[in-house]
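# Close look at the chain arrangement
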Amino acid sequence: MNRLQVMKFGGTSVGDAECIRRAAEIVLSAARESAVLVVVSAMGGVTNRLISAANKAVAGQDDPSSEIDSLRQQHIDAAKVLVSDKSSLDKLIVELEQITADTASLCRGISLLRELTPKTYATVSSVGERLSARLMAASLRELELNAAVVESTDVIVTDDDYLQAEPLMHEVRERAAAVLKPLLRDGVTPVVTGFIGATADGVLTTLGRGGSDYSATTLGAALDGDEIIIWTDVDGVLTADPRLVPDARLLREISYNEAAELAYFGAKVLHPKTLRPVVEAAIPVWIRNSFAPQKIGTRITTEGHPTEHGVRAITAIPNVSMITVGGSGIVGVIGVAAKTFQAVASVRANVLLISQSSSENDICLVVDSVDAAQTLKALRSAFAADLKHHDVEHITVDPNIAIVAVVGEKMRGTPGIAGRTFSALGKRGINIIAIAQGSSEYNVSFVVEAGAMGDAVRAVHEEFELQEARSEAS
Ligand code: ADP
Ligand code: ASP
Ligand code: MG
């Protein structure tokens with residue numbers, strides 16, 4: 001087969017008719033040189049609105065159909081701008097109406113039963129991608145490219161963790177060969193719904209919020225693609241979130257390890273699992289700006305930028321909570337750590353950072369705030385007897401914290417990074433609550449009060465002079 005590019009367009013890149021047309025033009029110009037597979041997100045904000053409609057329905061609040069109605073109208077309005085041929089437009093509108101009518105019925109069902117299972121939650125939240133894929137395919141056809149919508153439920157086979165589903169690569173390869181390869185061979189540009197998968201027996205799942213990036217790399221790997229381009233609303237991966245650090249600088253080239261670490265520690269520009277499928281086959285992933293396609297963007301490869309040493313970027317994760325298991329009673333008590341992690345694993349909480357003080361008085365772990373209450377409950381029950389006998393003196397939770405991470409693959413060979421980081425924070429009076437260094441040594445991460453997160457990121461960014469134009473020739 002030809003060279004294959006997988007292009008994923010994020011929410012803002014398909015945010016309205018004008019953006020969808022711009023995205024379609026990007027695809028058209030790439031399609032002149034290679035086969036292109038398109039993966040789309042929902043139009044910006046749509047997934048949040050769908051989730052809020054489902055939550056209102058289960059709470060019996062408002063009429064959820066009014067939100068669905070406004071989504072129907074938004075997509076039909078965009079269709080009218082994008083498609084000039086009357087009969088194609090009529091056909092498209094029928095499809096958009098059908099999908100939104102089904103969604104409205106589903107919300108009425110949720111409201112009547114006052115029940116919202118993970119399966120139903122996944123189905124409602126996936127509607128945005130099903131709508132936007134149709135707009136994108138129509139827009140490509142308008143540019144005379146032969147495009148067809150492909151439901152990812154037919155291709156991305158996953159496990160049954162409905163809201164954080166994991167693709168089953170072997171099955172995805174088989175389906176991709178059966179469903180996508182024939183289209184590509186016939187010169188058709190498939191437009192696949194991002195974010196969505198299905199279990200082997202066809203029940204819809206979602207890959208977690210922001211999961212369309214992961215859809216793109218999963219499909220790129222399954223089809224042995226030549227490169228994957230993630231089109232978004234920033235110029236590429238920057239040295240920090242530009243919303244926290246306005247003078248953050250573009251990184252031209254980073255390694256899979258660095259990108260994965262950044263994504264894991266909160267850089268929203270990539271879903272945390274994005275790089276997993278492509279590492280083995282070393283497929284390059286680009287992050288580029290769909291609003292400025294002339295810019296080259298960031299290239300993510302095995303090597304990254306071999307001459308760049310030290311710190312490359314700073315990230316932060318808000319909305320996390322720190323749970324501390326501690327007290328002088330746990331010194332020397334065998335199995336406290338094992339029991340702690342068993343309890344945490346039993347509720348499948350996402351643990352972002354672990355730190356044990358050298359005096360062994362405390363084990364602290366940071367989890368997503370949504371997992372905090374059940375993690376605390378599991379720990380209190382696991383340690384019920386110890387708490388009673390004061391072997392473990394306390395298990396507490398602090399929801400007002402954030403994690404900040406300093407990332408760079410070659411930090412290992414550069415002494416003094418932790419020291420410089422902490423003295424930069426000290427100079428600004430920012431208190432460090434806990435510290436962890438991942439065994440990979442690709443990052444040093446630490447916990448600060450939630451209110452100090454932005455200042456901490458800016459302080460460290462400045463300390464390592466990441467904003468200054470350093471030579472980044474690739
Ligand atoms: P999309 O809808 O295209 O998937 P996202 O909103 O999920 O886009 O991700 C892009 C956003 O990620 C940017 O607008 C930026 O605010 C944020 N971001 C956070 N950290 C970084 C970083 N280090 N580099 C670039 N963008 C970042
Ligand atoms: N639309 C989904 C979300 O908002 C997936 C994505 O955009 O990647 O989470
Ligand atoms: Mg995203």
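The preceding data block contains the structure.
Described in the following lines is the structure provided in the data block. Every value quoted in this text rests on a predicted model; they were computed, and no experiment measured them.

Once their charged atoms are close, side chains differing in charge can pair, the charge on each being opposite to the other. In the structure shown here, the tally under the stated rule is 22 salt bridges. The closest approach of N and O atoms between R130 and E151, which form a salt bridge, is 3.6 Å. Taken together, the residues span a long stretch of sequence, with R130 in helix α6 (residues 127-142) and E151 in the loop between β3 (147-150) and β4 (157-158) at a distance of 21 residues. The exposure class assigned to R130 is partly exposed, which follows from its relative accessible area of 27%.

What follows concerns the site of ligand 2. The environment of ligand 2 is formed by S41, A42, T47, E129, F195, R209, G210, G211 and S212. Within the side chain of S41, a nitrogen or oxygen atom sits 3.2 Å from an oxygen atom of ligand 2. Within the complex, 86% of the 260 Å² of free accessible area of ligand 2 lies under protein. Here the shell around ligand 2 is built from residues that sort into two nonpolar, five polar and two charged.

Quick look at the sheet that holds strand β12 (residues 313-326) now. Strand order across the open sheet formed by six strands is β13-β14-β12-β15-β17-β16, with antiparallel pairing between neighbours. Either end of the sheet is taken by a strand with one partner, and the two such strands are β13 (351-356) and β16 (434-437). Adjacent strand axes in the sheet meet at a mean angle of 30° when their direction is disregarded. Looking at chain direction, β12 and strand β15 (residues 394-407) are connected through eleven bridges and run antiparallel. Each bridged residue has a counterpart across the sheet, and for A313 the counterpart in β15 is V407. Contacts between helix α10 (residues 336-346) and the sheet are confined to β12, β13 and β14 (362-368), with β14 contributing the most and set at about 15° to the helix. Helix α11 (residues 369-382) contacts β12, β14 and β15 of the sheet and is inclined by roughly 25° relative to β12.

Direction vectors running N to C along helix α3 (residues 64-82) and helix α4 (residues 86-113) enclose 165°, while the axes themselves pass 9 Å from each other. Classed by the angle they form, the pair α3 and α4 counts as roughly antiparallel. Regarding α3 and α4, the two cross each other, and that crossing is right-handed. Residues P64, S65, I68, R72, H75, I76, A79 and K80 of α3 pack against L89, L92, I93, L96, E97, T100, T103, A104, C107 and R108 of α4. Of the residues in the contact of α3 with α4, the class split is ten nonpolar, four polar and four charged.

Attention shifts here to the site of ligand 1. Residues in close proximity to ligand 1 total 17 residues, the closest being G11, T232, D233, L238 and K268. At a separation of 2.7 Å, an oxygen atom of ligand 1 approaches a polar side-chain atom of T232. Between ligand 1 and the protein, one listed contact pairs an oxygen atom with a side-chain N or O atom of R243 at 3.1 Å. In the complex, 90% of the free accessible area of ligand 1, which totals 570 Å², lies under the protein chains. Considered class by class, the residues forming the shell around ligand 1 number seven nonpolar, five polar and five charged.

Turning to the environment of I229, a few remarks are in order. Tracing the chain through its elements places I229 in strand β8 (residues 227-232). I229 gets classed as buried once you look at its relative accessible area, which sits at 2%.

The rules behind these values
Residues numbered from 1 in each chain as written. Chains lettered and ligands numbered in written order. Predicted model: local features only at pLDDT ≥ 70, side-chain atom pairs only at ≥ 80, totals over all residues. Heavy atoms only, no water. Salt bridge = Lys/Arg side-chain N within 4 Å of Asp/Glu carboxyl O. Helix = DSSP H or I, 4+ residues; strand = E, 2+ residues; numbered from the N terminus. Buried < 20%, exposed > 50% of the residue type's maximum accessible area, 1.4 Å probe, protein only. Near = heavy atom within 4 Å. Polar contact = N/O pair within 3.5 Å; in protein donor to acceptor, adjacent residues only side chain to side chain. Areas by Shrake-Rupley, 256 points an atom, 1.4 Å probe, with all protein chains shown as cover. Nonpolar A, V, L, I, M, F, W, Y, C, P; charged D, E, K, R; others polar. Pairing = 2+ DSSP bridges. Axes fitted to C-alpha atoms, helices over the stretch in contact; angles between N-to-C directions. Contact = heavy atoms within 4.5 Å. Parallel < 35°, antiparallel > 145°, perpendicular 65-115°, else oblique. Left-handed = near helix turned anticlockwise from the far one by under 90°.

Function cannot be inferred from these measures alone, as they are strictly geometric.
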